[in-house]
Amino acid sequence: MARALYGTRRDGVPVHAFTLGSTGLSARVLDMGGTITAITVPGRDGHSRNVVLGLKDLAAYEASGWWNCLIGRYANRLKNGVTLEGRHYPLAQDAHGVTLHGGRGQSWGARLWEVAQESDTALRLRLASPDGDQGFPGAVTAEVTYTVTQDALRLDYTASTDAPTVINLTNHVYFNLAGVGSVTRQLLQLRADAITPTDAQQIPTGEIAGVAETAFDFRTPRPIGARVDSSEPQMAIARGYDHNFVLNKSAPGALELAARMEDPESGVVLELSTTEPGLQVYSTNNVKPGQFDAAGREIQKRDGLALETQHFPDSPNHPGFPSTLLAPGEIFRSTTIFRFPAP
């Protein structure tokens, strides 16, 4: 493994980058937030390219808090907090009562994680989240192991708690299989027959709605941009894709193919498998002006596609959704594999 100083945070704490793998696929991960700054894979032309839409520098990642990094304690959205064992926890809400990606305050993606283990092909990071962190109950210890093989990057998550709490973990990595430019011509296929529709604050209504004859139908490969600007009400709310797809599963927790993304020009293909029941697809709808990628280019709307493997948004407030409750003595486990077969 190559370990190198990546930069220094505003508080003076050094952040390191760890490069996993050498031949074939390689990945670079920061100990700040488990941020994935690069996944380098060969294309049809034999040249390697970074298929992660990264940011310019450490300062940009620190300011973002959510870009290409680990998200916790609860990925996606919660409305009006959570109630556990008769006690209500309001969490850190915005003006609409929404808690996004753990809420206000220092996000998990901006924190320095302990390096628990490292090798040429694997990195295990650990974070201790105290009771009351961002309003969530229970002291939680989370670990994420990044493992590189010849053609894949695997993420294995675990978490434990000393009091009942809710857990929903993911990595908010943005992909661009061409390496640069818009992803609208790239193809996407999802093993999902339904989504969880939302209200105007992008909180699930509780309904499970079929994708047939809608802009959400990716059951066969379609260009990402074909209907990204659809006037359908759900698409208008988010100004593109920012929705939870209900994955087709043979059994709860089965590690199965969920998505396939392809860049026809470079020949790069991503096959995403996960144990999670949902996949949040986000088409980079809201890009701040003056946000630059690793090469210094200003990032534009649709320059990346986030594929966030996770449980459903606002699950604690919808009894019909898969549970995100974690109790003492239990271990939360989740696996996601990003595989890039040879073009």
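See the structure shown above.
The rules behind these values
Residues numbered from 1 in each chain as written. Predicted model: local features only at pLDDT ≥ 70, side-chain atom pairs only at ≥ 80, totals over all residues. Heavy atoms only, no water. Helix = DSSP H or I, 4+ residues; strand = E, 2+ residues; numbered from the N terminus. Contact = heavy atoms within 4.5 Å. Areas by Shrake-Rupley, 256 points an atom, 1.4 Å probe, with all protein chains shown as cover. Lys, Arg positive; Asp, Glu negative; His and termini not counted. Charge placed at Lys NZ, Arg CZ, Asp CG, Glu CD. Pairing = 2+ DSSP bridges. Axes fitted to C-alpha atoms, helices over the stretch in contact; angles between N-to-C directions. Buried < 20%, exposed > 50% of the residue type's maximum accessible area, 1.4 Å probe, protein only. 1 Å grid on protein atoms, 1.4 Å probe; cavity = no way out; pocket = protein on both sides within 12 Å on 5 of 7 lines; lining within 4 Å. Points joined across faces, edges and corners; volume = space filled by probe spheres on them. Nonpolar A, V, L, I, M, F, W, Y, C, P; charged D, E, K, R; others polar.

Chemist: What is the right way to look at the overall build of the protein chain in this model?
Modeler: Check the secondary structure of the protein chain and you find two helices and 28 strands. Referenced to the eigenvectors of the C-alpha coordinate spread, the extents of the protein chain come out at roughly 60 × 50 × 40 Å. Once local pairs closer than 6 in sequence are excluded, the contacts in the protein chain between residues at least 24 apart make up 65%. For the protein chain, the exposed area adds up to about 13,700 Å²; of that, 50% sits on carbon and sulfur atoms. Side-chain charges of the protein chain comprise 30 positive and 36 negative groups, with the mean position of each set lying 2 Å from the other.

Chemist: So what exactly am I meant to see when it comes to the sheet that holds strand β3 (residues 26-30) here?
Modeler: Through backbone hydrogen bonds, the strands of a sheet pair up, either in parallel or in antiparallel fashion. The strand order across the open sheet built from five strands is β1-β2-β3-β4-β5, with neighbouring strands paired in antiparallel fashion. A single partner strand is all that each edge strand has here, and the edge strands are β1 (2-8) and β5 (48-50). Neighbour to neighbour, the strand axes of the sheet diverge by 20 degrees on average, direction disregarded. Summarising the sheet, strand β2 (residues 14-20) and β3 pair through four bridges and their orientation is antiparallel. Directly across from Phe-18, in β3, lies its bridge partner Val-29.

Chemist: Got a minute to help me understand unusual backbone geometry in this structure?
Modeler: Peptide bonds are, in most cases, trans, and in most cases residues other than glycine have a negative phi. Here the bond from Gly-72 into Arg-73 is cis, since omega is -5 degrees, no more than 30 degrees from zero. Relative to the helices and strands, Arg-73 is located in the loop between β6 (70-71) and β7 (77-79). Positioned with a positive phi, Glu-85 is a non-glycine residue whose angle comes to about 50 degrees. Along the chain, Glu-85 falls in the loop between β8 (82-84) and β9 (87-89). A residue is classified by how much of its surface remains accessible, and Glu-85, at 72% relative accessible area, is exposed. Here the phi dihedral of Arg-302 falls at roughly 75 degrees; this positive angle occurs in a residue that is not glycine. Take Arg-302: it is sitting in the loop between β25 (278-282) and β26 (305-310). Given the relative accessible area of 6%, Arg-302 is considered buried.

Chemist: What is the right way to look at the sheet that holds β25 in this model?
Modeler: Strand order in this open sheet of six strands is β17-β26-β25-β22-β19-β20, and the pairing throughout is antiparallel. Strands at the two margins of the open sheet, each flanked by one partner only, are β17 (174-175) and β20 (209-210). Direction of pairing for β17 relative to β26: antiparallel, over a ladder of two bridges. Counted as the bridge partner of Phe-175 is Leu-305 from β26.

Chemist: Which parts of the structure should I look at to understand the pairing of strand β13 (residues 140-148)?
Modeler: A large share of β13 lies buried, amounting to seven of its nine residues. Across eight bridges, the pairing between strand β12 (residues 122-129) and β13 is antiparallel. For Leu-125, the partnering residue across the bridge sits in β13 and is Val-144. Alignment of β13 against strand β14 (residues 152-161), held across nine bridges, turns out to be antiparallel. Paired with Val-148 across the strands is Leu-153, a residue of β14.

Chemist: In this structure, what is going on with the layout of surface pockets? I would like to understand it.
Modeler: If you roll a probe as big as a water molecule over the atoms, it shows you where there is empty space left. The volume enclosed by the largest pocket comes to roughly 420 Å³. At the level of elements, α1 (58-64) and β25 are the ones that each hand at least two residues to the lining of the largest pocket. For the lining of the largest pocket, the residue count by class is six nonpolar, eight polar and four charged.

Chemist: Can you help me understand empty space enclosed by the protein in this one?
Modeler: One pass over the full model with this rule turns up two cavities of 30 Å³ or more. Of the pockets and cavities examined, the largest cavity occupies roughly 40 Å³. Asn-76, Arg-77, Thr-196, Thr-198, Gln-202, Pro-204, Asp-242, His-243, Asn-244, Gln-280 and Pro-313 are the residues that line the largest cavity. With three residues, the single largest contributor to the lining of the largest cavity is strand β22 (residues 242-247). A class-by-class count of the residues in the lining of the largest cavity yields two nonpolar, seven polar and two charged. The volume enclosed by the second largest cavity comes to roughly 30 Å³.

Read these as layout, nothing more, since geometry by itself doesn't imply function.
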